[in-house]
Amino acid sequence: MITPILLCGGSGTRLWPLSRKSYPKQFAKLMGDESLFQASAKRLSGEGFTAPMVVTGDPFRFIVTEQLAAIKQAASVIMIEPEGRNTAPAILAAALFLESQDPEALMLVAPSDHVIPDESAFRAAVMAAVPRAKGGDLITFGISPDRPETGYGYLELAAGASAEADAPQKLAHFVEKPDAARAAEMMAAGNFLWNAGIFLFTAATICAAYEKHAPELVTGVRAALDGAMIDLGFTRLAPDPWGKIADISVDYAIMEKADNLAVMPYRAGWSDLGGWDAVWLGSGPDAEGNVAADRATAIGCCDTLLRSESERLQVVGIGLKDIIVVAMDDAVLVAHKSEAQRVKEAVTALKAKGVVQAVQLPRDYRPWGWYESLAIGNRFQVKRIVVHPGAALSLQSHHHRSEHWIVVEGTAKVTVNETVKLVTENQSVYIPLGAVHRMENPGKVPMVLIEVQTGSYFGEDDIIRYEDVYARS
């Protein structure tokens, strides 16, 4: 059996404004009715696979469980990184955990934000690589390139190895992201593959590689794992030793140094959706090369992506060529398609200016549901709050604001000091300043209410929690 290791702690800044630190691209529905994370979990499930192990960050732990439950799956382990330290520590933590249970356990490490349309072909490639992985090789997956892409790293095959083979091949070198001229040369040479960042090996093999090439990582990660705590079913790595670990990718730490590395060629289609140009390409442009989403209209355009993520915004493009337009309620991106990889620069610039849109979506996802601000002034704020069936907010109070709740869908169970009552549609309740209060959804459908806050300060840090089923401080 193969244990999938799903890595989903990244921020996906090159797909801003849809992907942000508060809700990165792996959890978004970029290419259909399922998120990239859900599609990855389904791809690596079924015959031959165990339940996945997920490595993620604290803000996403309940998103992971909720999205897995929506596709009728559950993780074997959800490991929480105290902070992002890149792929090398994350993979090692999973490997050490598995090695303690079964040193020969097969691990398939995969980012959770890739698109692989042909699931059966990918599974077949994985199974073809299993014998070499069991034999002690580190297997990386290489994608047959269909264009001289500058956004990916490459894998150079050794002399005599074939990119058309149906079994792992000998690897000569890792190659950093090239410029356009070098990418064209490698495409023409025919012995280079894209580096997908997907790996297959046994727990014992990869742990031995870390011991040989990065022993300092083993010391720190083992300490973080030994000090881990179980919190509501999540495995929380110890923050102190974890914070001292180097921020380094597995390619730099291990793969570029290992001598037992092989590459499994894969030719059936793949994308890491590493930029809006990749989304344009993967979305199937029409005869004019345009991709226009439901709330977008292209007139006289060619090779253009038009996309609105807001129910209230229509995007219209007229006479555009090679342009990307992505609109949301609080931000709009307009870029030339050839400059799509520079969106990350825009996020950095916005952060430097202290712009909240750089990292925060208008909709704030919480373990119990989500909320969004509808209007804000000097002395008031209006929010829409959606609470999942059976979910409850913490028992809390505020120093600086009072609240008025109006239920517009479903039924709320409301606690205000010692009073507990049900509030149904078109009914309201007032929460005085300083009152200890909570709202719950006792029903079987989502509960929606409008919250009107009045006071002098509306920050989320003006919350004093007394009880919380999600163990938030």
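None of these values were measured; they are calculated from a predicted model. (Residues numbered from 1 in each chain as written. Predicted model: local features only at pLDDT ≥ 70, side-chain atom pairs only at ≥ 80, totals over all residues. Heavy atoms only, no water.)

1. Things to note about a nonpolar patch on the surface
A cluster of nonpolar side chains, contributed by Ile299, Val316 and Ile318, occupies part of the molecular surface with about 300 Å² of accessible area. We classify isoleucine 299 as partly exposed; its relative accessible area is 45%. (Patch = residues over 30% accessible without salt bridge, like charges linked within 9 Å, V, L, I, M, F, W, Y side chains within 5 Å. Areas by Shrake-Rupley, 256 points an atom, 1.4 Å probe, with all protein chains shown as cover. Salt bridge = Lys/Arg side-chain N within 4 Å of Asp/Glu carboxyl O. Buried < 20%, exposed > 50% of the residue type's maximum accessible area, 1.4 Å probe, protein only.)

2. Quick word on the sheet that holds strand β20 (residues 380–387)
Within the open sheet, the six strands sit side by side as β18-β19-β20-β27-β22-β25. Their pairing is antiparallel. The open sheet is flanked by β18 (363–366) and β25 (428–431), the only strands paired with a single partner. Ignoring strand direction, the axes of neighbouring strands in this sheet form an average angle of 20 degrees. Alignment of β18 against strand β19 (residues 369–376), held across four bridges, turns out to be antiparallel. Its bridge partner being in β19, arginine 366 is matched across the sheet by glycine 369. (Pairing = 2+ DSSP bridges. Helix = DSSP H or I, 4+ residues; strand = E, 2+ residues; numbered from the N terminus. Axes fitted to C-alpha atoms, helices over the stretch in contact; angles between N-to-C directions.)

3. What about the state of the cysteines?
For the structure shown, the criterion picks out zero disulfides. In this model cysteine 301 remains outside any disulfide bridge; the closest cysteine sulfur is found in cysteine 302, 7.6 Å from its own. Residue classification places cysteine 301 among the buried positions, given a relative accessible area of 7%. (Disulfide = S-S within 2.5 Å.)

4. With respect to the domain arrangement of the protein
Each assigned domain of the protein is listed with its residue range as follows: domain 1 (2–266), domain 2 (276–353) and domain 3 (363–467). Placing the centre of domain 2 and that of domain 3 at their C-alpha centroids yields a distance of 35 Å. (Domains from an automatic or database assignment.)

5. Some points on unusual backbone geometry
Residue proline 17 is reached from tryptophan 16 by a cis peptide bond, and omega for that bond is 10 degrees. Among the structural elements, proline 17 can be located in the loop between β1 (2–7) and α1 (36–43). A positive phi is found at leucine 273, a non-glycine position, where the angle reads about 45 degrees. With respect to the helices, strands and loops of the structure, leucine 273 is situated in the loop between β11 (261–266) and α10 (276–282). For leucine 273, a relative accessible area of 1% corresponds to the buried category. A positive phi angle is found at aspartate 303, which is not glycine, with a value near 50 degrees.

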